[in-house]
Amino acid sequence: MSTSVSRSSRRTQQWRDTAIPRRPLLWLAAALLFTLPAMFGNLASWVPFLFLLALAMKFWMEPRGYRLRSTILKLILAAVTVGAIFLSYATLKGIEPAVSFLAVLVLIKILEAHTAREFQAIVMMAWVLCLCGFLLSQDLAIALCLFVAFALLIAALIQFHRGSSPGPFWIPLATTLKLLAQAGPLVVLLFLLFPRINIGFLLRIGDPHLAKTGFSDRLSPGGIAALANSTNIAFRAEFPDRRTGPGGPLYWRGLVMWHCEGLEWRAPYAPASISDSFQQYPASDKTIRQRITIAPHGARWMFALDRPFGIPSGAMLARGNYLYSVQPIRKPRRYEVLSSTDPIGEELGARERREALQLPASISPAVRELAASLAAHDSEPRATVTRALQFFRTQGFRYSLSPGEYNKNDLEEFLFRRRTGFCEHYAASFATLMRLAGIPARVVVGYLGGEYNDLGGFFLVRQADTHAWCEVWIPENGWTRIDPTSVVAPGRANLDLSSFLASRVASGEMAAGRSAFLTRLARLALVNQIRFIWEALNYQWDTRVLGFDADVQDVLLTSLGLTNGGPFPLVMQVLIVIAALLIIYAGWMQLRTRPRADRVQALYERHCQKLARIGVQRDPWEGPSDFAKRAAQSFPNASEYVRQITETYIALRYAPGPAAISLDQFAKEINAFTAHR
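What counts, and where the lines are drawn
Every chain begins its residue count from 1, and numbering advances along the sequence as written. Reporting of local features is limited, given that this is a predicted model, to residues whose pLDDT is at least 70; pairs of side-chain atoms are given and counted only at 80 or more, and all residues count toward the totals for whole chains, interfaces and linings. Each side-chain value is worked out from all heavy atoms of the structure, with water and hydrogens disregarded. Each helix is a run of DSSP H or I of at least 4 residues and each strand a run of E of at least 2, with the numbering of both proceeding from the N terminus. The cut-offs for exposure are 20% and 50% of the maximum accessible area for each residue type, with area from a 1.4 Å probe on protein chains only; residues under the lower value are buried, those over the upper are exposed, and the others partly exposed. Two residues qualify as a contact provided that any one of their heavy atoms is within 4.5 Å of a heavy atom in the partner residue. Methods summary: accessible areas were calculated by the Shrake-Rupley approach with a probe of 1.4 Å, and residue burial reflects only the protein chains presented. A pair of Phe, Tyr and Trp rings is counted when the ring centres sit within 6.5 Å of each other, with Trp represented by its six-membered ring. The angle between the planes then sorts it: under 30 degrees is stacked, over 60 is edge-to-face, the rest tilted. A pair is scored as a salt bridge if a Lys or Arg side-chain nitrogen falls within 4 Å of a carboxyl oxygen belonging to Asp or Glu. Strand pairing is defined by DSSP finding a minimum of two bridges between the two strands. Only the stretch in contact is used when fitting a helix axis, every axis being a line fitted to C-alpha atoms; angles between N-to-C directions are given from 0 to 180 degrees. When describing relative orientation, an angle under 35 degrees is termed roughly parallel and one over 145 degrees roughly antiparallel, while 65 to 115 degrees is termed roughly perpendicular and anything else oblique. If you view the pair so one helix is near and one far, a crossing is left-handed when the near helix is turned anticlockwise from the far one by less than a right angle, and right-handed when it is turned clockwise. One less than the number of residues in a helix, times 1.5 Å, gives the span that helix is expected to have. By nonpolar core is meant a set of buried Ala, Val, Leu, Ile, Met, Phe, Trp, Tyr and Cys residues that side-chain atoms within 4.5 Å join together.

1. A word on the overall build of the protein chain
Along its length, the protein chain carries 24 helices and 18 strands. Considering the protein chain as a whole, with its 677 residues, one finds that 45% of them fall into the buried category. When contacts within the protein chain are restricted to residue pairs at least 6 apart in sequence, long-range pairs at least 24 apart make up 72% of them. Accessible surface for the protein chain amounts to roughly 34,800 Å². Of this, 60% is attributable to carbon and sulfur atoms.

2. Quick look at the packing of aromatic side chains
By the definition in use, this model includes 27 aromatic pairs. When the centroid spacing of 5.0 Å and the interplanar angle of 80° are considered together, the rings of Phe303 and Tyr447 count as edge-to-face. Note that Phe303 is positioned in the loop between strand 6 (287–294) and strand 7 (304–305) and Tyr447 in strand 14 (residues 441–448), a separation of 144 residues in sequence. Residue Phe303 shares its accessibility class with Tyr447, and that shared class is buried. Arranged with centres 5.3 Å apart and planes meeting at 70°, the rings of Phe414 and Tyr426 form a pair that is edge-to-face. Of this pair, Phe414 sits in helix 13 (residues 411–418) while Tyr426 sits in helix 14 (residues 423–436), and the two are twelve residues apart along the sequence. As far as burial versus exposure is concerned, Phe414 and Tyr426 are alike and both buried. Members of the aromatic cluster, connected to one another through ring pairs, are Phe235, Phe239, Trp252, Phe303, Tyr447, Tyr452 and Phe459.

3. Considerations on the pattern of salt bridges
This model, assessed by the stated rule, comprises 26 salt bridges. Put simply, Lys74 and Glu112 hold a salt bridge, and the shortest N to O gap is 2.2 Å. On the criterion of sequence distance, the pair formed by Lys74 in helix 5 (residues 71–89) and Glu112 in helix 6 (residues 95–112) is long-range, its members being 38 residues apart. Glu112 gets classed as buried once you look at its relative accessible area, which sits at 12%. In this structure, Glu412 engages Arg417 in a salt bridge whose closest nitrogen and oxygen atoms are separated by 3.8 Å. Its relative accessible area of 26% is what places Glu412 among the partly exposed residues. Overlapping salt bridges bring together Arg253, Asp306, Arg307, Arg442, Glu471 and Arg481 as one network.

4. Focus: the sheet that holds strand 14
Strand order across the open sheet formed by five strands is 7-3-14-17-18, with antiparallel pairing between neighbours. The open sheet has two edge strands, strand 7 and strand 18 (478–482), and neither has a second partner. Pairing of strand 3 (residues 251–257) with strand 14 involves six bridges; the strand directions are antiparallel. The partner of Leu255 across the bridge, within strand 14, is Val445. In this fold helix 14 packs onto strand 14, strand 17 (466–474) and strand 18, with an angle of close to 15° to the strand it touches most, strand 17.

5. Overview of the packing of helix 8 (residues 140–162) against helix 9 (residues 171–193)
Viewed as axis vectors pointing N to C, helix 8 and helix 9 meet at an angle of 120°, and their least axial separation amounts to 8 Å. Judged on the interaxial angle alone, helix 9 and helix 8 are oblique. Considering the relative orientation of helix 8 and helix 9, their crossing is right-handed. In this structure, helix 8 contributes Phe147, Phe150, Ala151, Leu152, Ile154, Ala155, Ile158, Gln159 and Arg162 to the contact, and helix 9 contributes Ile171, Pro172, Leu173, Thr175, Thr176, Leu179 and Leu180.

6. Side note on unusual backbone geometry
Here the amide bond leading from Asp306 into Arg307 is cis, since omega sits at -20°, within 30 degrees of zero. Even without being glycine, Arg419 reaches a positive phi, approximately 50°. One can find Arg419 in the loop between helix 13 and strand 13 (420–421). Among the residues examined, Arg419 registers a relative accessible area of 16% and is labelled buried.

7. Concerning the sheet that holds strand 8 (residues 308–310)
As a general point, the strands of a sheet are linked pairwise by backbone hydrogen bonds and lie either parallel or antiparallel. One open sheet accounts for six strands, arranged 8-11-6-2-16-15; its pairing is antiparallel. At either end of the open sheet lies a strand with only one pairing partner, and these are strand 8 and strand 15 (451–453). Between one strand and the next, the sheet's axes are offset by a mean angle of 40°, whatever the strand orientation. Strands strand 2 (233–238), strand 6, strand 11 (333–340), strand 15 and strand 16 (458–462) of the sheet are contacted by helix 18 (residues 525–546), whose axis makes an angle of about 80° with strand 15.

8. Quick notes on helix 2 (residues 22–33)
Helix length check: helix 2 (twelve residues) gives 16 Å between terminal C-alpha atoms against 16 Å at 1.5 Å per residue, within 8%. Listed as buried for helix 2 are Pro24, Leu25, Trp27, Leu28, Ala29, Ala31 and Leu32. On its buried face, helix 2 is in contact with helix 3 (36–39), helix 4 (46–61), helix 6, helix 7 (116–136), helix 8 and helix 9.

9. Concerning the nonpolar core
Generally speaking, a soluble globular protein has its nonpolar side chains buried in company with each other. One finds Phe235, Trp252, Phe392, Leu415, Phe430 and Val472 to be the most contacted residues of the largest nonpolar core, which totals 86 residues. Tallying contributions element by element places helix 14 first for this core, with nine residues. In this structure, Phe430 is in contact with Val385, Ala388, Leu389, Phe392, Cys470, Val472, Ile482 and Pro484, ignoring residues within four places of it in sequence.

Next comes the structure, spelled out in structure tokens:
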């Protein structure tokens, strides 16, 4: 008999070990789905799709008792995965290949899992996958998805340990939220006070994808136009001394190009630093202070309004009056810079003049003849510039996002036949014509405009706002900005590119690049308000969380009166504060969870003491009912009160449900009771 019971018990345990309950599996699947957004756009496309396929297969296999059993098949899958990763990334080093391999290991584990221990191992691996997802991207949307995944994994474990007990599905989620709420204060405290090296909260390792930025040291035809639909953020800018920024167009200076090859221009390979005397430029009404938060791009470009003279730390002022970072920008960087709308006094040296008049190796006779005609009647530079702008304004030039392909020697093709281009075509051709006319010229690449967010009080500049313009040397004014695009596309200088294109579509000057429904939807005030709120939250996330590095922490500690004497003293201070908080929390929980019966018992003992003082002593072995009968015999006049107090005590102390009388009412009865012989 005992043998058969033992065998039955083993069979029951084996069934429990070979079937993961459905509810925990659903919580786990939901958590893993929230890890997918970090994979899309950062990993090879086959990784998240394979992940989804594995989850679907698990739900098909689990009710049928199927699982991945063959060790040889697992090894083959792992080997094929390594090969696919190498073909996708051309390397096995780096964050992306490592996370891809981890994701495939997780899905293999999902397909083979059939025991409680393996289910818990999947949860642990999924937590590691959440951390790796944060290494891939620290966007606010990705962070929220990964936080939800982390919480759902806790809910999966809670549901798993609850077993198959009935109850609403949201009970594990409620328990999870309670646990996270209890852990929240400690997490915030550790985030604010735990010592850190000066890297902020950005954990990405390796170079960002530079192709997503609108910048390089070479301006080629079509290079900027390709970014017209990019929504990637270049930087955000605040103006601390004014609410909405300076009036007029916002030309954000980024890089100055000197080497001319017709429609292609190039910046110096190694920018030369110029004197920092501009940092002492006197402040005036023409001085504009900017606070800029630049997105990581892996290069050294920094941006400021024309013309910067207050140089932030870790940067230099390069020849051409633009900012250049000493170190590559691999994390969100926040800096302040001063700019002046007045020309800064400078002279054109002989070397700069030679560079600013350098010409391509081959220029067609027609282009040379055009440049000569611009300077024929009046050699004064301003007059030549005016005639050149008039040429672009009156000769049928068109502004287009898709002007077709040009190469660097197609200057004649652009000027005399096709006459269709984007800002880089107009800037490059205008500067080349100026040099042919004997006027020193150079091309500046940066950003134009930006979308103002009234909720956050900042300008959002996207990669789509990348722009190119010219500077020509006017003897009495120095380097003077000339934007030939503005005469071909009036209004572009006063709007960000997205708003400008929307206005041209609305006026019928340009065909819509998307459906009419999406265009109307994007113009709705509610949609714009939601977008502004989301962008403001993203800005706070980037500056307050991702940008919280050692320097910001030092400022916070100083404001709190804490001295940062090094990592060890700071760790000790943090541990002391945490210990104090835990003691307070433990005391509060002790008071909160104190049994209700303690007060009931204390009130009843006070009642027994009143009776003892007049001669009726309760024996240790005597129950409440027996003691009440004996006391009633001793005090016939108070027998009803003794009986009522005893029944109330029994109801409060031993009844399975809540008693009809309250504890406060019971206390009043005890206090009011008096007995006399």
